[in-house]
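Listed below, chain by chain, are the residues.
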Amino acid sequence: MELKTASFEKVSTETTTVSGAEAVIKCLLEEGVGTIYGYPGGAIMPIYDELYKYQDQIHHVLTRHEQGATHAAQGYARVTGKVGVAIATSGPGATNLVTGIADAQIDSTPLVCITGQVGSHLLGSDAFQETDIVGISTPITKWNHQITKASEIPEVLAKAFFIARSGRPGPVLIDITKDAQFASLEFSYKKCSGIRSYTPTPEIDLLQIERAAEAINHAKKPLIVFGQGVILGEAEALLKQVVEKAGIPAAWTILGLSAMPTEHPLNVGMVGMHGNYGPNMLTNECDVLIAIGMRFDDRVTGDLSRYAKQAKIIHFEIDPAEVHKNVTADIPVLGNVKETLKFLLEFLKPNKHTAWHQKFKDLYKIEFDKIIKDELHARGSELGMAEVIEEINNWTKGDAIIVSDVGQHQMIACRYAKFNSSRSNVTSGGLGTMGFALPAAMGAKMGCPDREVVAIIGDGGFQMTIQELGTIFQTKIPIKIVVLNNGFLGMVRQWQQLFFDKRYASTEMINPDFVAIARGYQIKSNHVSERSKLKDAIKEMMEANEPYFLEVKVEKENNVFPMIPTGAAVSEIRLE
Amino acid sequence: MEKKNFTVSVYTENNPGLLSRIAAIFLKRHINIESITVSKSEVKEVMRFIIVVNVTEEKIKKVVGQIEKQIEVIKAYYHTDEELIFQETALYKIRTSDFEKEWKLEDFLKENNAWMVTVAPDFFVIEKTGKRHETESLYEKLKPYGLMQFVRSGRIAVSKNEMQISGMLEKFNTTNSNS
Ligand SMILES: Cc1ncc(C[n+]2csc(CCOP(=O)(O)OP(=O)(O)O)c2C)c(N)n1
């Protein structure tokens, strides 16, 4: 018997003779890919030549930098749940993908990146634009592989898509030598359905779920903390049922945002460094902590040795390597939450936990009086970030996709933006990649053309991928871009103020005229700095049926609170 | 938790890229690899890595989890010395003239459970297989008497328990036999 390391389902039946480059396009079509992001160059030219021929079937978006291609593919993947595709040439093209790949790896985003590589006879010779991208990307990919023979293309790409989207999703990089793109092969496509060395979803242990249910049923002060696993597992409805049936307060991590409506009465807000007061404080008071599809990132837990020590920890998780990694679980429940929550729901007893829930409300009141009230109804002469987000909420009513960059504006956007439906929050969580938002918003809009997409970006991060305005201009992607300009790398400045005696080393920025730049790309644009004009400015932006750029001048030295300083326990969260 | 010697056994597909993928996981956590051996295993086309590290059990558990997560890793285990049968092999190249001042070759080999590999006019090479302290003590013994070169292999080990790799792979073959 022939040795089988993977299994494939037959999709296309007829066999045709094509070039490796054409085979790549045919694979993408077989996988249902309609939009890809990329940038051409020598080693990937045969594939671009085929893209030209197939342009009526695959829309290739020419980003202005390969980093933008990966982030756009991420934005697309995050809002659609489909695999995002980015392509680039060898050498510098490939290395420019690295940031986006690392971001996708840590935030579990399904991506397939295809890079061209020098001819196989040149491999290892330091040829022009040869970089060992397989070596470079090894620690930041779920899987990667170099193809040197055209005949390998269909199977390897089928595996790439299967791996990227199954189990805990992640990025895959496929490097294809130029000669393999030119050579011909007999093409027929079979979708991958399994790989013998890879178990995407661990087997479910019902006994563990029963134990979890029993602990939850006996809990007096249970707290759910859910993350992106709920979204990736498409378990939003189940989560809601679990929360409602057992009456458990539920907090989201930054990547869990929008998996449940913001306004749901049992949604108690965000955990983590700049999360809400209640769920952070009460993490250290709950008796059972139910973690669902989250990985106890250090920005969520603060000092681990003082994190929820009093609580029994139940961890619903698809990736066995995450269980006990940071926090030891008393009851680990392996599996896709879409499956495990279904069983849990059956075992749960109805409950209300009214008194316990009141505690969250009381703490929210404290946070509201100390922080939120002033941020939403600022009276200072300068605008604050939160009131801008709130004005956007007034327009979107929680129906928009909010894409945020990294920094103070991100924390404010995540704290204040309202969400009605899942897959509406796109932000770089685990890597904290400045420059993520502008290209990610492009991908998000192309993934969900019928939804409003608003990018919230700082003046620092905007300038990391500002060139993507060119893509937005050329491709006419009608996203709304809001730059909250405080003239500082605000989040770093905040740390300098709080922990480095206000020594503002290299955080103040002399910025260009952003509106003029946007105009240069013929993007409709506006600038606002007065409170009295904010409402109209947002209105004009939201009513535009085209790309729109709005710069909002905000207070220079505002700080984001609450805050759990590094090394502090979650319950030591500071309100000022 | 105290540090101990752990032997990590990794069964993988035959893909040269895995060596750096697995090594990177140790590197990331600053774990020094004491020895690493890669060879074919008892299962056709399946490779086996034997990696020895000195860490806490808590750490090795996490590392093995992260290794096992790699797509082309079939299964990863860790074992303590007590759970294994393991050996290392050392080669000693010795200058004949110095050696002969002290020892008689045949007696020496017998006494030390070592084997002759090759003899040349001025030197000879002997081999010893055993535990670390055995190859080490032979090294100490020979050092003053013309030891020209010394090299030791990584640990190779088999577990006392069954590994069940074939069964796992068979299961994949039967559940996916339709395609
Ligand atoms: C690529 C990258 N470089 C550096 C950082 C470190 N960093 C985190 S937040 C921040 C400041 C962001 O400034 P800005 O974009 O103006 O947003 P603000 O915090 O002012 O809202 C910096 C430099 C990062 N997260 N990403």
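Residues numbered from 1 in each chain as written. Chains lettered and ligands numbered in written order. Predicted model: local features only at pLDDT ≥ 70, side-chain atom pairs only at ≥ 80, totals over all residues. Heavy atoms only, no water.

## Describing the pattern of salt bridges
We count it as follows: Any Lys or Arg side-chain nitrogen located within 4 Å of an Asp or Glu carboxyl oxygen qualifies as a salt bridge. Numbering of helices and strands runs from the N terminus, with a helix taken as a DSSP run of H or I at least four residues long and a strand as a DSSP run of E at least two residues long. For the exposure calls, accessible area comes from a 1.4 Å probe over protein chains only, and a residue counts as buried if that area is under 20% of its type's maximum, exposed if over 50%, partly exposed in between.
Taken as a whole and assessed by the stated rule, the structure comprises 41 salt bridges over all chains. The partner of A:Lys480 in a salt bridge is A:Glu452, with the nearest N and O atoms 2.9 Å apart. Taken together, the residues A:Lys480 in strand β20 (residues 480-485) and A:Glu452 in the loop between α18 (437-447) and β19 (453-458) connect sequence positions 28 residues apart. Accessibility expressed as a relative area gives 25% for A:Glu452, which makes it partly exposed. Where B:Asp98 meets B:Arg95, a salt bridge forms, and the shortest distance between an N and an O atom there is 3.5 Å.

## Let's talk about the environment of A:Ala441
Residue and element names in this part refer to chain A. Put simply, the rule reads: In this analysis, two residues are considered to be in contact whenever any of their non-hydrogen atoms come within 4.5 Å of each other.
Checked against the element boundaries, Ala 441 lands in helix α18. Here Ala 441 falls in the buried class, since its relative accessible area comes to 0%. Distance in space between the C-alpha atoms of Ala 441 and Val 453 is 6.6 Å, their sequence separation being 12 residues. With near-sequence residues (within four places) excluded, Ala 441 lies in contact with Val 403, Val 453, Ala 455 and Ile 479.

## Things to note about the pairing of strand β6 (residues 115-119) of chain B
Residues and elements named next belong to chain B. What counts here: Note: two strands are recorded as paired if DSSP finds a minimum of 2 bridges between them.
Alignment of β6 against strand β7 (residues 123-130), held across four bridges, turns out to be antiparallel. Bridge pairing in β7 places Thr 118 opposite Val 125. Between β6 and β7, which follow one another and run antiparallel, lie three residues.

## Digging into the domain arrangement of chain A
All names here are of chain A. The cut-off we apply is this: For the domains described, the bounds stem from an automatic or database domain assignment. Using a 1.4 Å probe, buried area is obtained as the accessible area two parts lose upon being combined, added over both of them.
According to the domain assignment, chain A contains domain 1 (6-195), domain 2 (206-360) and domain 3 (379-553). Centre-to-centre, using C-alpha coordinates, domain 1 lies 31 Å away from domain 3. Domain 1 puts 25 residues into the contact, and the matching count from domain 3 is 28 residues. A combined buried area of about 2,000 Å² lies between domain 1 and domain 3, and 62% of that area is made up of carbon and sulfur atoms. The three residues of domain 1 that bury the most area against domain 3 are Arg 64, Arg 78 and Val 79, which together make up 33% of that side's buried surface. Where domain 1 meets domain 3, there are zero salt bridges.

## Details of the sheet that holds strand β3 (residues 46-55) of chain B
Residue and element names in this part refer to chain B. This is how it is decided: Angles run from 0 to 180 degrees between N-to-C directions of axes, and those axes are lines fitted to C-alpha atoms, restricted for helices to the stretch in contact.
In spatial order, the strands read β2-β3-β1-β4; together these four strands make up an open sheet with antiparallel pairing. Every other strand in the sheet has two partners, leaving β2 (33-40) and β4 (73-79) as the edge strands with one partner each. Going from strand to strand, the sheet's axes swing by 15° on average, the running direction of each strand aside. Note: strand β1 (residues 4-13) against β4, six bridges, orientation antiparallel. Opposite Ser 9, over in β4, you have Tyr 77 as the bridge partner. The strands that helix α6 (residues 165-175) touches are β1, β3 and β4; relative to β4, the one it contacts most, it runs at about 155°.

## So, the interface of chain A and chain B
Heads up, the rule is: Any residue that is not Ala, Val, Leu, Ile, Met, Phe, Trp, Tyr, Cys, Pro, Asp, Glu, Lys or Arg is counted as polar, Gly included; the first ten are nonpolar and the last four charged.
Between chain A and chain B, the residue contacts involve 26 residues of the former and 24 residues of the latter. Interface area for chain A against chain B, summed over the two sides, is near 2,100 Å², with a carbon-plus-sulfur share of 51%. Its largest share of buried area at the contact with chain B, chain A owes to A:Lys4, A:Arg196 and A:Ser197, together 32% of the area lost on that side. On inspection of chain A and its partner chain B, the count reaches three salt bridges. In this structure, A:Glu203 engages B:Lys171 in a salt bridge whose closest nitrogen and oxygen atoms are separated by 3.8 Å. Looking at the side of chain A that touches chain B, the elements with two or more residues in it are β1 (6-10), β7 (143-147) and β10 (190-195) of chain A. Considering only residue class, the side of chain A that touches chain B consists of nine nonpolar, nine polar and eight charged.

## Regarding the pairing of strand β3 (residues 35-38) of chain A
All names here are of chain A. Cut-off, in case you're wondering: When the strands point away from the viewer and the connection leading from the first strand across the helix to the second strand turns clockwise, the crossover is called right-handed.
Burial along β3 is two-sided: the face carrying Thr 35 and Tyr 37 and the face carrying Ile 36 and Gly 38 are both buried. In the sheet, β3 pairs with strand β4 (residues 59-62) via four bridges, with the strands oriented parallel. For Tyr 37, the partnering residue across the bridge sits in β4 and is Val 61. Regarding the hand of the β-α-β motif, the stretch spanning β3, helix α2 (residues 45-53) and β4 is right-handed.

## Some words on a nonpolar patch on the surface
All names here are of chain B. Test applied: Each patch is built from salt-bridge-free residues with over 30% relative accessible area, joining like charges within 9 Å and nonpolar side chains (Val, Leu, Ile, Met, Phe, Trp, Tyr) within 5 Å. Only the protein chains shown count as cover for residues, with accessible areas throughout obtained via the Shrake-Rupley method and a probe of 1.4 Å.
Taken together, the side chains of Leu 19, Ile 36 and Val 38 define a hydrophobic patch exposed on the protein surface, amounting to about 220 Å² of accessible area. Within the secondary structure layout, Ile 36 lies in strand β2. We classify Ile 36 as partly exposed; its relative accessible area is 34%.

## Some remarks on helix α3 (residues 66-80) of chain A
All names here are of chain A. To keep things clear, this is the line we draw: To estimate how far a helix should extend, the number of its residues minus one is multiplied by 1.5 Å.
The terminal C-alpha atoms of α3, which comprises 15 residues, lie 21 Å apart, in line with the 21 Å expected from a rise of 1.5 Å per residue. Burial runs high along α3: 14 of the 15 residues are buried. Immediately downstream of α3, the backbone of Gly 81 shows phi near 80°, a positive value.

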